[in-house]
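# Overview (structure and organization)
Given next are the chains, with one letter for each unit.
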Amino acid sequence: MKKFSLILGASGAIGSAIAQKLAADGWSLYLQYNSQVEPVQSLLKELEMMYPQQEFLIIQANLLEEGAAERITQSVFSLQSIVVASGQSLYKLVEDTTPEDMQALWRVHVQTPIELITKLGYKLRQHETSYVTMIGSIWGEAGGAGEVLYSTVKGAVHAFVKAYAQEVAYNGIHVNAVAPGLIDTKMNGHLSHEELANVLAEIPMERAGRPEEVADLVQFLQSGKADYMTGQVLRLNGGWYI
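Residues numbered from 1 in each chain as written. Predicted model: local features only at pLDDT ≥ 70, side-chain atom pairs only at ≥ 80, totals over all residues. Heavy atoms only, no water.

## Overview of the overall build of the chain
Rule in force here: Numbered from the N terminus, helices here are DSSP runs of H or I no shorter than four residues, and strands are runs of E no shorter than two. Should any heavy atoms of two residues lie within 4.5 Å, those residues are counted as being in contact. Per-residue and other accessible areas follow the Shrake-Rupley method at a 1.4 Å probe size, with only the shown protein chains counted as cover for residues. A positive count includes Lys and Arg, and a negative count includes Asp and Glu. His and the chain ends are not counted in either. By convention, the charge on Lys lies at NZ, on Arg at CZ, on Asp at CG and on Glu at CD.
Within the chain, the regular secondary structure consists of eight helices and seven strands. Overall, the C-alpha framework of the chain stretches about 50 × 35 × 35 Å when taken along its three principal axes. Considering only contacts within the chain whose residues lie at least 6 apart along the sequence, 74% involve residues at least 24 apart. Element-wise, carbon and sulfur atoms account for 52% of the exposed surface of the chain, whose accessible area totals about 11800 Å². One finds the centroid of the 17 positive side-chain charges in the chain at a distance of 7 Å from the centroid of its 26 negative side-chain charges.

Dropping the structure here:
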């Protein structure tokens, strides 16, 4: 039987890299996106060409909207894995952060993904082994000035992983998170050349991570080689935060 994984945020650099790695391991995929239709259609064509024996389906849904979880649920049939790689950044001081900013971050990073997991949990339990893998952040552990609300929601993601893992371990559901540091994606495009150089100087490995390196860790968590691991937040940051 085919094994299916739902990837939230499949049109982004990290989500796309995860899709490619999981497809290479034989996973059929549901690819959720919000507005970036061209990248996800390009990804779909590539995967269909490379892995014709597997299935790949696109699901459009805006995680900010009420009912997004239900909309996605209605498009999902068999399911053995959920990967939460969706998200949005916010670079503001706390005093400049509006209630609308706060609500948007909470919905995209925490509320909608968890609501979706609650709706699809019974499908995961139909398998002896299944996976929930979430992309957290270094800031969810260390905290970041100028990104306080982003740090807050990522901290909530980490807390959810640790608690939910205990609740569903007896169902064979493995719940883990990957917490990247600086990754070379458009999300860090706001940094000037000087600012980027200053950040890299703080990282012992003196470079940003690649989306493929995040995907490698997600691939490992869902490969069957890490099945005695659950409730963990795995740091992937070049030694920036230990």
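This is not the end of the story, as more comes after the structure.
## Quick word on the nonpolar core
Threshold: We define a nonpolar core as any set of buried Ala, Val, Leu, Ile, Met, Phe, Trp, Tyr and Cys residues linked to one another through side-chain atoms lying within 4.5 Å. Only protein chains enter the accessibility calculation, which uses a 1.4 Å probe; a residue is then buried when its area is under 20% of its type maximum, exposed when over 50%, and partly exposed in between.
Among the nonpolar cores identified, the biggest contains 36 residues, and Leu6, Ile72, Val76, Leu79 and Val175 are the most heavily contacted of them. When residues of this core are traced back to their parent elements, those giving at least two are β1 (3–8), α3 (68–73), β4 (81–84), α4 (99–124), β5 (130–135), α6 (148–168) and β6 (173–180). Broken down by element, the residue count for this core peaks at eight residues, all from α6. Beyond its immediate sequence surroundings of up to four residues, Leu79 is in contact with Phe4, Ser5, Leu6, Tyr30, Leu120, Lys123, Leu124 and His127.

## A few points about the environment of Glu55
Under the convention used in this document: Polar contact is defined as a pair of N or O atoms within 3.5 Å, subject to the rule that within protein one atom must be able to donate a hydrogen and the other to accept it, and that residues adjacent in sequence are counted only when both atoms are side-chain atoms.
Tracing the backbone through its elements, the reader meets Glu55 in the loop between α2 (37–50) and β3 (56–60). Classification of Glu55 as partly exposed rests on a relative accessible area of 35%. In contact with Glu55, not counting residues within four places along its chain, are Lys2, Phe4, Ser28 and Leu29. Side chain to side chain, Glu55 and Lys2 meet in a polar contact 3.2 Å long.

## What about the packing of aromatic side chains?
We apply this condition: For this analysis, a ring pair means two rings from Phe, Tyr or Trp (six-membered ring only for Trp) whose centres lie within 6.5 Å, classed as stacked if their planes differ by under 30 degrees, edge-to-face if by over 60, and tilted for the remaining angles.
Following the criterion strictly, the structure yields four aromatic pairs and no others. A centroid spacing of 5.4 Å and a plane angle of 35° characterise the contact between Phe4 and Tyr30, whose relative ring orientation is tilted. A residue pair is termed long-range when its members are at least 10 positions apart, and Phe4 in strand β1 and Tyr30 in strand β2 (residues 27–33) qualify at 26 residues. For the pair Phe4 and Tyr30, one class covers both residues: buried. Where Phe160 meets Tyr164, the ring centres are 5.0 Å apart and the plane angle is 15°; that geometry is what we call stacked. One end of the pair, Phe160, and the other, Tyr164, are both in helix α6, four residues apart, so they sit about a helical turn from each other. Since its relative accessible area comes to 16%, Phe160 is described here as buried.

## Thoughts on the pairing of β5
Applicable threshold: Strand pairing is assigned whenever DSSP detects at least two bridges linking the two strands. When the strands point away from the viewer and the path from the first strand over the helix to the second turns clockwise, the crossover is right-handed.
Counting buried residues along β5, six of its six residues qualify, which places the element largely inside the surrounding structure. The alternating pattern of β5 places Ser130, Val132 and Met134 and Tyr131, Thr133 and Ile135 on opposite faces, both of which are buried. As paired strands, β4 and β5 are joined by four bridges and run parallel to one another. Of the residues in β5, the one forming a bridge with Val84 is Met134. Crossover connection from β4 via α4 to parallel β5: handedness right-handed.

## A word on α6
Here is the rule we go by: The span expected for a helix works out to 1.5 Å for each residue beyond the first.
Helix length check: α6 (21 residues) gives 30 Å between terminal C-alpha atoms against 30 Å at 1.5 Å per residue, within 8%. All of the buried residues in α6 are Leu149, Tyr150, Ser151, Val153, Lys154, Val157, His158, Phe160, Val161, Tyr164, Ala165 and Val168. In this structure, the buried side of α6 is in contact with α4, β5, α5 (139–142), β6 and β7 (233–236).

Functional significance is not addressed by these values, which are geometric in nature.
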